[in-house]
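Secondary and tertiary structure notes
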Amino acid sequence: SQQGEEDPQALSIQEGENATMNCSYKTSINNLQWYRQNSGRGLVHLILIRSNEREKHSGRLRVTLDTSKKSSSLLITASRAADTASYFCATYNSGGGADGLTFGKGTHLIIQP
Amino acid sequence: DSGVTQTPKHLITATGQRVTLRCSPRSGDLSVYWYQQSLDQGLQFLIQYYNGEERAKGNILERFSAQQFPDLHSELNLSSLELGDSALYFCASSDIAGTPGTQYFGPGTRLTVL
């Protein structure tokens, strides 16, 4: 079952604009991660934010986490055509011994040149 | 390049058949995870192996099984295939000495059941 739910399902913006995607989850987590997937290819790890962190930056990426609202956002600044991809949030909860990530259904981002 | 390899890239087979998907984790990673990605179910965790032992099961069907060998490569066996098993199957690996939860994904095997 899906833990995270991304919003919006699809987003189309002009190159150079900022893109914001949101993720909501249901249970307590150890950390939350964002992954990118180019069409039909493997997932690439972008950034991880721990449950005790509120904001994290990596290059043009900015992630926020609000554990009280069980939500996270991913901001991509100054978007490029190469950012066109699907973006997934994934939650990790080490409780119970299982280390599998729980993914949302993703946001499909299209950057128009 | 994540360092995780999967073979084959594509697999086309018929209903009722059995296939084996292979995964080699990044050098030094002891954990291997299998995921299924389909249009209707999204990305689903199937099973995890750690250093040869099964560690956790997710939404894995009884018709599916996996194992991890002494050289740490893993195989996912899918039997009595049904049309609904058509999906992308990903393998991921992780290093427990690193940040818990960070996983490195292979390029996937696209399975088509006709």
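It should be noted that the structure appears before, not after, this text.
What counts, and at which threshold
Every chain is numbered on its own, with residues counted from 1 as its sequence reads. Chains carry letters and ligands carry numbers; both start at the beginning, A for chains and 1 for ligands, and go up in the order they are written. This being a predicted model, a pLDDT of at least 70 is required before a residue's local features are given, and a value of 80 or more before pairs of side-chain atoms are given or counted; all residues contribute to the totals for chains, interfaces and linings. To obtain the side-chain values, all non-hydrogen atoms of the structure were used and water was disregarded. In this description, the term disulfide denotes a pair of cysteine sulfurs within 2.5 Å. A run of DSSP states H or I qualifies as a helix once it reaches four residues; a run of E qualifies as a strand once it reaches two. Both are numbered from the N-terminal end. Only protein chains enter the accessibility calculation, which uses a 1.4 Å probe; a residue whose area is less than 20% of its type maximum is buried, one above 50% is exposed, and one in between is partly exposed. Two residues form a contact once any of their heavy atoms are found within 4.5 Å. The term buried area means the drop in 1.4 Å probe accessible area that two parts suffer when joined, counted for both and summed. Between Lys or Arg on one side and Asp or Glu on the other, a salt bridge is scored when a side-chain nitrogen of the former is within 4 Å of a carboxyl oxygen of the latter. Polar contact is defined as a pair of N or O atoms within 3.5 Å, subject to the rule that within protein one atom must be able to donate a hydrogen and the other to accept it, and that residues adjacent in sequence are counted only when both atoms are side-chain atoms. Residue type decides the class: Asp, Glu, Lys and Arg count as charged, Ala, Val, Leu, Ile, Met, Phe, Trp, Tyr, Cys and Pro as nonpolar, and the leftover types, Gly among them, as polar. At least two bridges found by DSSP between two strands are what make those strands a pair. Fitted lines through C-alpha atoms give the axes, limited to the stretch in contact for helices. The angle between two N-to-C directions lies from 0 to 180 degrees. The rule is short: rings of Phe, Tyr and Trp, with Trp giving its six-membered ring, pair when the centres are within 6.5 Å, and they are stacked under 30 degrees, edge-to-face over 60, tilted in between. Only when the NZ of Lys or the CZ of Arg is both within 6 Å of the ring centre and within 35 degrees of the ring normal is a charge said to sit over the ring.

1. Remarks on the state of the cysteines
A complete count under the given rule lists two disulfides over all chains for this structure. The residue that forms a disulfide with C23 of chain A is C89 of chain A, at a sulfur-sulfur distance of 2.0 Å. Between C23 of chain A and C89 of chain A, the disulfide has an S-S torsion of 65° and is therefore right-handed. With C23 of chain A in strand β3 (residues 19-24) and C89 of chain A in strand β9 (residues 85-92), this residue pair connects regions lying 66 residues apart in the sequence. Taken individually, C23 of chain A and C89 of chain A each receive the classification buried, so the pair is uniform in this respect. The residue that forms a disulfide with C23 of chain B is C91 of chain B, at a sulfur-sulfur distance of 1.7 Å. With a gap of 68 residues between them, C23 of chain B in strand β3 (residues 19-24) and C91 of chain B in strand β9 (residues 87-94) connect regions that are remote in the sequence. Here C23 of chain B and C91 of chain B have matching classes, each one buried.

2. Some words on the interface of chain A and chain B
At the junction of the two partners, chain A supplies 22 residues and chain B supplies 24 residues. Approximately 1,700 Å² of surface area, both sides summed, lies buried where chain A meets chain B, with 51% of it carried by carbon and sulfur atoms. Counting the contacts that link chain A with chain B gives zero salt bridges. Our enumeration of links across chain A and chain B arrives at four residue pairs in polar contact (both at pLDDT 80 or more). Going through the elements one at a time, β4 (31-37), β5 (43-50) and β9 of chain A are the ones with two or more residues in the side of chain A that touches chain B. Grouping the constituent residues of the side of chain A that touches chain B by class yields eight nonpolar, ten polar and four charged.

3. What to know about the side chain of D85 of chain B
All names here are of chain B. Its location among the elements puts D85 in the loop between β8 (74-78) and β9. Side-chain polar atoms of D85 contact the side chain of R63, separated by 2.8 Å. Beyond its immediate sequence surroundings of up to four residues, D85 is in contact with Q36, L61, R63, F64, S80, L111 and V113.

4. What about the sheet that holds β8 of chain B?
Residue and element names in this part refer to chain B. The strand order across the open sheet formed by four strands is β1-β3-β8-β7, and the pairing between neighbours is antiparallel. Each having just a single partner strand, β1 (5-7) and β7 (64-68) make up the two edges of the open sheet. The average undirected angle you get between the axes of adjacent strands in this sheet is 15°. In terms of strand pairing, β7 meets β8 through five bridges, oriented antiparallel. By the bridge assignment for β8, Q67 is matched with E75.

5. Details of the pairing of β3 of chain B
Residues and elements named next belong to chain B. The alternating pattern of β3 places V19, L21 and C23 on a buried face, while none of T20, R22 and S24, on the opposite face, is buried. As defined by bridge partners, β1 adjoins β3 across three bridges and the pair is classed as antiparallel. Residue pairing across strands places Q6 opposite C23, the latter belonging to β3. With five bridges joining them, β3 and β8 adopt antiparallel strand pairing. Residue C23 lies in a different strand from β8, and its bridge partner there is S74.

6. Quick notes on the packing of aromatic side chains
In this structure the tally under the stated criterion is nine aromatic pairs over all chains. Judged by centre distance (5.5 Å) and plane angle (75°), the rings of Y35 of chain A and F105 of chain B are edge-to-face. Within this pair, whereas Y35 of chain A is found in strand β4, its partner F105 of chain B is found in strand β10 (residues 104-105), the two belonging to separate chains. Each member of the pair, Y35 of chain A as well as F105 of chain B, is classed as buried. Connected via pairs of aromatic rings, a cluster forms that spans Y35, F88 and F103 of chain A together with Y35, F45, F90 and F105 of chain B. Here R26 of chain B stacks its cationic end above the ring of Y104 of chain B, 3.7 Å away from the centre of that ring.

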